[in-house]
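These are the residues of each chain, in order.
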Amino acid sequence: MSKMHLDPQRTIERVNATLGRRYRKEQRFRRFGLGAVALGLLFVALMFLNIIGTGYSAFQQTRVLLDINYSEEMIDPEGTRDPAILSSANYAGVIKQALRDRFPGVTSRGDKRELYTLVSSGAALILRQQVMENPGLIGTRASVWVPADDDIDMLVKGHIDRAVPESERRVKDQMVAWVESLEVEGRVAKVFNTTFLTSGDSREPELAGIGGAVMGSLYTLIVTLLLSFPIGVATAVYLEEFAPRNRWTDLVEVNINNLAAVPSIVFGLLGLAVFINFFGLPRSAPLVGGMVLTLMTLPTIIIASRAALKAVPPSIREAALGVGASRMQTVFHHVLPLAMPGMLTGTIIGMAQALGESAPLLMIGMVAFIVDIPGGALDPSTVLPVQIFLWADSPERGFVEKTSAAIMVLLGFLILMNVLAVILRKRFERRW
Amino acid sequence: MNNNRIILAAALAAAAAGTANAASRDYISVVGSSTVYPFATVVAENFGKTTAFKTPKIESTGSGGGLKLFCAGVGVEHPDITNASRRIKSSEVENCAKNGVNEIVEVKIGYDGIVLANSKAAEPMKLSRRDVFLALAKQVPNTQGGGELVDNPYKTWKEVNPALPAIEIEVLGPPPTSGTRDAFVELAMEGGCKTFDFIKAMKKQDKKSYKRVCHTVREDGAFIEAGENDNLIVQKLEANPKALGIFGFSFLDQNADKVQGSLVDGVEPTFEAIADGSYPVSRPLYFYVKKAHVGKIPGISEYLAEFTSDKAWGDEGYLVDKGMIPMPNQERNQFAADVKNLNPLRLN
């Protein structure tokens, strides 16, 4: 008790003596915190700068203007206009003819081979499509913009240095000269790359697109949503509103929380063993992908949904029961509608997680080269993160920018989904 | 009860979908090596574009993983073709036979060179396979001779071979799961390892310890496992001119402005040197076809015809543009004939 009677003057002195130190400590702590935030932001900014810096050029494509002669003798020598003949005609030959006409000085076989590599092998497909849609083109002449080869694309975009010695770059001096002469005439242009957004995968960077991967991701997410939302909400409602409190439900609860921390590759192995090997579902299908991702997102949705149900005040339930509603009516007429915004937010975040996941899909064969755009949940397909992984490992220089551009698209979708979650929460969430 | 019904419905839907799929498949399913993947995918794409068939689906599972899936059985749920960056092993053939996969057609498609490359900013290295072994093995013969093995003491290339520059040994390479690593260890390191007589003698008496000596890569930081991504290795070499990297020839071909291949046993890794066999670190690439599926799955024989056509694997074919080294004419014709008649594989 004697300490209570200390001289007030001395107490103030003691406080003053340490005051400066304590203030400094707080200042230091604040600076640390600020530094940590700044460092985090710096890394995010660096990542975005790096990805956008390398990726933005993939949204443009180099095209070359060629004077095409849709000569009847090359496309349809017998003049039957039979679609089967038009479909299998030698359009590559038409393109080669156009290139030879433009550069008549090229005669040797080796030089011609190099000349033909100026434009993409996809150019012939463009002509084929034109002729199939409008057979009246046969026998006419027209100027057509066709995609350039990926090496030429890299050259025009400045990713291949024209100053290094010829032997060290893939584009030879005479090809550079050809491209430059075309550039002088305004026959080379960079246009918005619709191919990248609409077509499927290809081994030619100038023809490769994320259309197939986006559709694959879409089907996978639809399956995931259709399975995980009802199961997740039903589980949460049962555990929160109906289940008796006993050891069993405790065990279930602990296990659900643990599942949320299981590495996603484990779900992939489970999917391989159960869905593919036991049930015999097809490999590489969005159906199986969606089922595996359902396992992964279920804990997230269940936990978020239970939190949303817990946040509904008991007075609502009591009032409903008080006017004679059954427990089921209480839940479905009153509690669930009020908890729905929180549940939807949790679901969207779970979906965003599933969209960015690639590890479990490695196991079930979705890491594959698939050209045709999937038309349903049973067609073989790949997803966006897997497409990024595949392109990152491709030797062609043109895939470097494609990889970053695909990351930009994936990040765009993720940001969109997260914004949606925030808006839902802000607009519909009720606080009591 | 509600959730029970949903789970039941989901399970039923899944089972229904499963049986529907088991009935038929209208596209070819290919699995296997990541080294063959860039070549197989080009063929598949061309095949899909020029024929009425669907584009084959190609998974990159690694050679061993691919053969495991391939040998799992006959039927639409199993792949039709597997790619491999090494020949099928007799144990794998036995496993195949056990699951009813009896007739396998072997197709050798060409060669792939494995290069040791460094940045253009540095001098090209002139290595022998012995140098490679001494620099990268976990245990090497001690310098006094006498046939004793010691932990690898070499820190710089000059210590390995006085003709080499005095820079630190730093090699970036693929992890053990990779076929490139297997081939590198077998061709380059074992090739150098065999130049020591007492180790060579060991092969006859004690094959296990011979393999352990020749195939074990040092783990003290001089060899860095850089993952399966060869593009990443190229980027790291650019940033660090002192380091060497190990990857396939196609990556050297595509990045000739950034990296250069080291000479191995005096031979530069060029297209011609790998094709004529004078470059020592090169390996054949294969794919294997399940004969029971030919005729059942639409398009297999047409796909084989496309792969073995001159415009694909010929001297001036599109696979060559992607960095594959073609076989000599005679060998090519031999395999093309075997494929046409679907002659099954016989291991000798």
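Given the structure is predicted, the values throughout are model-derived calculations rather than measurements. (Residues numbered from 1 in each chain as written. Chains lettered and ligands numbered in written order. Predicted model: local features only at pLDDT ≥ 70, side-chain atom pairs only at ≥ 80, totals over all residues. Heavy atoms only, no water.)

Examining the interface of chain B and chain A
Line of reasoning, step 1. Contacts between chain B and chain A engage 41 residues on the former and 39 residues on the latter.
Line of reasoning, step 2. Taken together, the two surfaces of chain B and chain A that pack against each other cover about 3700 Å², and 52% of this comes from carbon and sulfur.
Line of reasoning, step 3. There are 4 salt bridges connecting chain B and chain A.
Line of reasoning, step 4. Two residues, K322 of chain B and E204 of chain A, come together in a salt bridge whose shortest N-O distance is 3.8 Å.
Line of reasoning, step 5. Summed over the shared surface of chain B and chain A, the result is 15 residue pairs in polar contact (both at pLDDT 80 or more).
Line of reasoning, step 6. Every element with two or more residues in the side of chain B that touches chain A is listed here: α1 (2-23), α2 (37-50), β2 (57-59), α10 (230-239) and α11 (249-254) of chain B.
Line of reasoning, step 7. Looking at the side of chain B that touches chain A, the element that brings in the most residues is α1 of chain B, giving 8 residues.
Line of reasoning, step 8. With 2 bridges joining them, strand β4 (residues 368-369) of chain A and β2 of chain B adopt antiparallel strand pairing. (Contact = heavy atoms within 4.5 Å. Buried area = accessible area lost by both parts, 1.4 Å probe. Salt bridge = Lys/Arg side-chain N within 4 Å of Asp/Glu carboxyl O. Polar contact = N/O pair within 3.5 Å; in protein donor to acceptor, adjacent residues only side chain to side chain. Helix = DSSP H or I, 4+ residues; strand = E, 2+ residues; numbered from the N terminus. Pairing = 2+ DSSP bridges.)

Thoughts on the pairing of strand β10 (residues 244-248) of chain B
Within a regular strand, side chains alternate between the sheet's two faces.
All names here are of chain B.
Line of reasoning, step 1. Across the 5 residues that make up β10, a large majority, 5, are buried.
Line of reasoning, step 2. In this structure, strand β4 (residues 104-119) lies alongside β10, joined through 5 bridges in antiparallel fashion. Among the inter-strand pairings, N118 is bridged to a residue of β10, identified as L244.
Line of reasoning, step 3. When strand β8 (residues 171-173) meets β10, the two strands line up parallel, connected through 2 bridges. Within the sheet, the bridge partner assigned to V171 lies in β10 and is L244. (Buried < 20%, exposed > 50% of the residue type's maximum accessible area, 1.4 Å probe, protein only.)

Let's talk about the packing of α2 of chain B against helix α13 (residues 300-307) of chain B
Residue and element names in this part refer to chain B.
Line of reasoning, step 1. In contact at an axis separation of 10 Å, α2 and α13 are set at 120° when each is read in the N-to-C sense. Comparing their axes, α13 and α2 come out oblique. As for how α2 packs across α13, the hand of that crossing is right-handed. Here A40, V43, A44, N46, F47 and T50 of α2 lie close against α13, whose contacting residues are E302, Y303, E306 and F307.
Line of reasoning, step 2. Taken together, the residues of the contact of α2 with α13 break down into 6 nonpolar, 2 polar and 2 charged. (Axes fitted to C-alpha atoms, helices over the stretch in contact; angles between N-to-C directions. Parallel < 35°, antiparallel > 145°, perpendicular 65-115°, else oblique. Left-handed = near helix turned anticlockwise from the far one by under 90°. Nonpolar A, V, L, I, M, F, W, Y, C, P; charged D, E, K, R; others polar.)

Notes on empty space enclosed by the protein
Residues and elements named next belong to chain A.
Line of reasoning, step 1. Scanning the model with the defined rule gives 5 cavities of 30 Å³ or more in all.
Line of reasoning, step 2. In this structure, the largest cavity encloses a volume near 70 Å³.
Line of reasoning, step 3. In terms of residue class, the lining of the largest cavity is made up of 2 nonpolar, 1 polar and 6 charged.
Line of reasoning, step 4. Of the pockets and cavities examined, the second largest cavity occupies roughly 50 Å³.
Line of reasoning, step 5. What lines the second largest cavity is S217, T220, L221, L293, A354, L355, E357, L361, V383 and P385.
Line of reasoning, step 6. Where the lining of the second largest cavity is concerned, the elements lending two or more residues are α10 (211-242) and α15 (327-355).
Line of reasoning, step 7. Among the elements that line the lining of the second largest cavity, the one with the most residues is α10, at 3 residues. (1 Å grid on protein atoms, 1.4 Å probe; cavity = no way out; pocket = protein on both sides within 12 Å on 5 of 7 lines; lining within 4 Å. Points joined across faces, edges and corners; volume = space filled by probe spheres on them.)

Topic: the pattern of salt bridges
Line of reasoning, step 1. By the definition in use, this model includes 36 salt bridges over all chains.
Line of reasoning, step 2. A salt bridge links R283 of chain A to E59 of chain B, with the shortest nitrogen-to-oxygen separation between them at 2.7 Å. With one member in each of two chains, R283 of chain A in the loop between α12 (264-278) and α13 (286-310) and E59 of chain B in strand β2 form a pair that bridges those chains. One exposure class covers both R283 of chain A and E59 of chain B, and it is buried.
Line of reasoning, step 3. Through salt bridges that share partners, D67, R102, E185 and R187 of chain A make up one connected network.

Let's talk about the sheet that holds strand β1 (residues 60-69) of chain A
Residues and elements named next belong to chain A.
Line of reasoning, step 1. In spatial order, the strands read β2-β1-β3; together these 3 strands make up an open sheet with antiparallel pairing. Single-partner strands in this sheet number two, and they are β2 (141-147) and β3 (188-192). Adjacent strand axes in the sheet meet at a mean angle of 40°, parallel and antiparallel pairs treated alike.
Line of reasoning, step 2. Bridge count for β1 against β3 is 5 bridges, and the pairing is antiparallel. Across the sheet, the residue bridging to R63 is A189, located in β3.

Section: the domain arrangement of chain A
Residue and element names in this part refer to chain A.
Line of reasoning, step 1. Structurally, chain A comprises domain 1 (63-192) and domain 2 (211-428).
Line of reasoning, step 2. Between domain 1 and domain 2, the C-alpha centre-to-centre distance is 46 Å.
Line of reasoning, step 3. Taken together, the contact pairs 5 residues of domain 1 with 4 residues of domain 2.
Line of reasoning, step 4. Of the roughly 360 Å² buried where domain 1 meets domain 2, counting both sides, 49% is carbon and sulfur surface. (Domains from an automatic or database assignment.)

A short note on the pairing of strand β13 (residues 282-290) of chain B
Residues and elements named next belong to chain B.
Line of reasoning, step 1. A large share of β13 lies buried, amounting to 8 of its 9 residues.
Line of reasoning, step 2. As paired elements, strand β3 (residues 81-84) and β13 share 4 bridges and run antiparallel to each other. Bridge pairing in β13 places A84 opposite Y286.
Line of reasoning, step 3. In terms of strand pairing, β4 meets β13 through 9 bridges, oriented antiparallel. Bridge pairing links K108 to Y286 in β13.

A closer look at the confidence of the model for chain B
All names here are of chain B.
Line of reasoning, step 1. For chain B, the average pLDDT comes to 84, and 92% of its residues sit at 70 or higher.
Line of reasoning, step 2. For chain B, per-element mean pLDDT is lowest for α1, which scores 49, and highest for β3, which scores 93.
Line of reasoning, step 3. Of the regions scoring below 50 in pLDDT, residues 14-22 engages in 10 contacts with residues more than four places distant in sequence or in other chains.
Line of reasoning, step 4. Here the complex is predicted with pTM 0.79, and the ipTM for its interfaces comes to 0.74. (pLDDT = per-residue confidence, 0-100.)

Regarding the side chain of T224 of chain A
Residues and elements named next belong to chain A.
Line of reasoning, step 1. Structurally, the position occupied by T224 is in helix α10.
Line of reasoning, step 2. Relative accessible area serves as the criterion here: at 0%, T224 is assigned to the buried category.
Line of reasoning, step 3. A distance of 3.4 Å separates a polar atom in the side chain of T224 from the backbone oxygen of G290.
Line of reasoning, step 4. Leaving out residues up to four positions away in the same chain, T224 has contacts with F229, G290, L293, T294, T297 and M351.

Describing the packing of aromatic side chains
Line of reasoning, step 1. What the rule picks out here adds up to 12 aromatic pairs over all chains.
Line of reasoning, step 2. Between the aromatic rings of F196 of chain A and W391 of chain A, the centroid separation amounts to 6.1 Å while the plane-to-plane angle is 35°, which identifies the pairing as tilted. With F196 of chain A in helix α9 (residues 194-198) and W391 of chain A in helix α17 (residues 384-392), this pair connects stretches of sequence that are 195 residues apart.
Line of reasoning, step 3. Judged by its relative accessible area of 0%, F196 of chain A is buried.
Line of reasoning, step 4. Grouped by ring-pair contacts, the aromatic residues F47, F53, F287, Y303 and F307 of chain B constitute a single cluster.
Line of reasoning, step 5. In this structure, R25 of chain B packs its charged tip against the face of Y27 of chain B, placed 5.7 Å from the ring centre.
Line of reasoning, step 6. Note that K290 of chain B overlies the ring of F70 of chain B, its terminal NZ or CZ placed 4.9 Å from the centroid. (Phe/Tyr/Trp six-rings, centres within 6.5 Å; stacked < 30°, edge-to-face > 60°. Lys NZ or Arg CZ within 6 Å of the ring centre and 35° of its normal.)

Quick notes on the nonpolar core
Line of reasoning, step 1. Counting residues in hydrophobic clusters, the biggest one holds 133 residues, and the most contacted among them are F184, F247, Y303 and L319 of chain B.
Line of reasoning, step 2. For this core, the element with the most residues is helix α18 (residues 398-428) of chain A, which contributes 9 residues.
Line of reasoning, step 3. Apart from the residues within four sequence positions on either side, F184 of chain B is in contact with I114, L116, V132, L136, M189 and I246 of chain B.
Line of reasoning, step 4. Of all hydrophobic cores here, the second largest spans 38 residues; its members include V106, L118, V119 and L155 of chain A. (Core = buried A, V, L, I, M, F, W, Y, C linked by side-chain atoms within 4.5 Å.)

Thoughts on a positive patch on the surface
Residue and element names in this part refer to chain B.
Line of reasoning, step 1. On the surface, K89, K194, K200, K203, K204, K207 and K211 cluster together into a positively charged patch.
Line of reasoning, step 2. When contributions to the positive patch are tallied by element, the ones reaching two or more residues are α8 (197-205) and α9 (207-215).
Line of reasoning, step 3. Within the secondary structure, K211 is located in helix α9. (Patch = residues over 30% accessible without salt bridge, like charges linked within 9 Å, V, L, I, M, F, W, Y side chains within 5 Å. Areas by Shrake-Rupley, 256 points an atom, 1.4 Å probe, with all protein chains shown as cover. Lys, Arg positive; Asp, Glu negative; His and termini not counted. Charge placed at Lys NZ, Arg CZ, Asp CG, Glu CD.)

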